[in-house]
Amino acid sequence: MTRSTFLTLAAIPALLLAVSGCSASAPAPEPTSSVAAPEAATEPLTSVPAGDADWECGHASALMGIQFRTEWELVNGVIDQAAFDARAAALVDSWTYFPTGQSDVTTALRAAITEAAQGIGPENPDFSVATQQLVSACDAAGSISIMSALPEMGG
């Protein structure tokens, strides 16, 4: 490479910087927004719609579905005992802090919540009974309970 080629290549970044209008002495202006900040919500986002069995049954269905799929995954070797135990602990926590409203299913839901604190697996058959009663209460209220399967489970 000749000296003139080297100097030409070295001058290109300086030329690009000059053409772009950038300089080290003048900081860019701070961006400002003409959009007003949203007003604070009047109700917390975690509030339960009063008297909404569909809301309560839907959330219970999600937790029961996770349990169903997790138990299947353990039995079929998809996850190990440590992964199962971690998910079971998270499910117990989710049931324990489940927000409730005042609907036709709330009493059955609260019974399931109480039983979940003692465990959600076969070691606590009372939880299984409580969730069956919750599913029955949801059905009676006209709200279906859905526990979806994984594709490998035939779902």
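The rules behind each value
- Positions within a chain are numbered from 1, following the residues in the order the chain's sequence is written.
- Selection of residues for local features in this predicted model requires a pLDDT of at least 70, selection of side-chain atom pairs for listing and counting requires 80 or more, and totals for whole chains, interfaces and linings are taken over all residues.
- To get the side-chain values, all heavy atoms of the structure are used, and hydrogens and water are removed first.
- Every helix listed is a DSSP run of H or I at least four residues long, and every strand listed is a run of E at least two residues long, numbered separately from the N terminus.
- The rule is simple: take the accessible area with a 1.4 Å probe, protein chains only, and divide by the maximum for that residue type; under 20% is buried, over 50% is exposed, in between is partly exposed.
- Under the convention used here, a 1.4 Å probe and the Shrake-Rupley method define accessible areas, while residue burial counts only the protein chains that appear.
- A pair of cysteine sulfur atoms is labelled a disulfide when the two atoms are within 2.5 Å.
- Centres within 6.5 Å make a pair out of two Phe, Tyr or Trp rings, where for Trp the six-membered ring is used; the pair is then stacked when the planes are under 30 degrees apart, edge-to-face when over 60, and tilted otherwise.
- Definition of nonpolar core: a set of buried residues of the types Ala, Val, Leu, Ile, Met, Phe, Trp, Tyr and Cys, connected through side-chain atoms within 4.5 Å.
- Under the convention used throughout, the expected extent of a helix is 1.5 Å for every residue step, that is, one less than its residue count.
- The arc in question is the one spanned by the directions pointing from the helix axis to the C-beta atoms.
- When checking whether two residues touch, look at their non-hydrogen atoms; a contact exists if any pair is within 4.5 Å.

Enquirer: What exactly am I supposed to notice about the overall build of the chain here?
Expert: If you tally the helices and strands in the chain, you get five helices and zero strands. When the elements of the chain are put in sequence order from the N terminus, they spell out α-α-α-α-α. For the chain, buried positions account for 27% of its 155 residues. Here the chain has roughly 10500 Å² of accessible surface; of this, 60% comes from carbon and sulfur atoms.

Enquirer: It is not clear to me how the state of the cysteines should be interpreted in this structure. Could you clarify?
Expert: A covalent bond between the sulfur atoms of two cysteines is what we call a disulfide. Taken as a whole and judged by the stated rule, the model has one disulfide. Across the disulfide from Cys57 sits Cys138; the S-S distance is 2.0 Å. The chirality of the disulfide connecting Cys57 with Cys138 is left-handed, given an S-S dihedral of about -100 degrees. Placement of Cys57 in helix 2 (residues 53-75) and of Cys138 in helix 5 (residues 125-140) is noted, with a sequence separation of 81 residues between them. Relative accessible area serves as the criterion here: at 0%, Cys57 is assigned to the buried category.

Enquirer: Any chance you could explain the packing of aromatic side chains here in plain terms?
Expert: Centre-to-centre distance and the angle between the planes together describe a pair of aromatic rings. Inspection of the entire model under this criterion finds two aromatic pairs. Ring centres 5.5 Å apart and planes at 80 degrees place the aromatic pair Trp95 and Phe127 in the edge-to-face group. Of this pair, Trp95 sits in helix 3 (residues 81-96) while Phe127 sits in helix 5, and the two are 32 residues apart along the sequence. The residues Trp95 and Phe127 share a single accessibility class, namely buried. Three or more aromatic residues joined by ring pairs form one cluster here, namely Trp95, Phe98 and Phe127.

Enquirer: Before we go on, may I ask you to explain the nonpolar core in this structure?
Expert: Note on soluble globular proteins: their nonpolar side chains tend to be buried together. Core analysis: the largest hydrophobic core is formed by 23 residues, its most contacted members being Ala60, Trp95, Phe98, Val105, Leu109, Ile120 and Leu134. Elements supplying a minimum of two residues to this core: helix 2, helix 3, helix 4 (106-116) and helix 5.

Enquirer: Mind showing me how you'd approach helix 5 here?
Expert: Structural remark: α-helix, 3.6 residues per turn; residues separated by three or four positions point the same way. Helix length check: helix 5 (16 residues) gives 23 Å between terminal C-alpha atoms against 22 Å at 1.5 Å per residue, within 8%. Listed in full, the buried residues belonging to helix 5 are Phe127, Ala130, Thr131, Leu134, Ala137 and Cys138. Viewed along the axis of helix 5, the buried residues span an arc of 115 degrees, placing them on a single side of the element. Turned more than 90 degrees away from the buried face of helix 5 sit Gln132 and Ala140, all of them exposed. Residues of helix 5 that are buried in the fold lie against helix 2, helix 3 and helix 4.

Geometric values such as these leave the question of function open.
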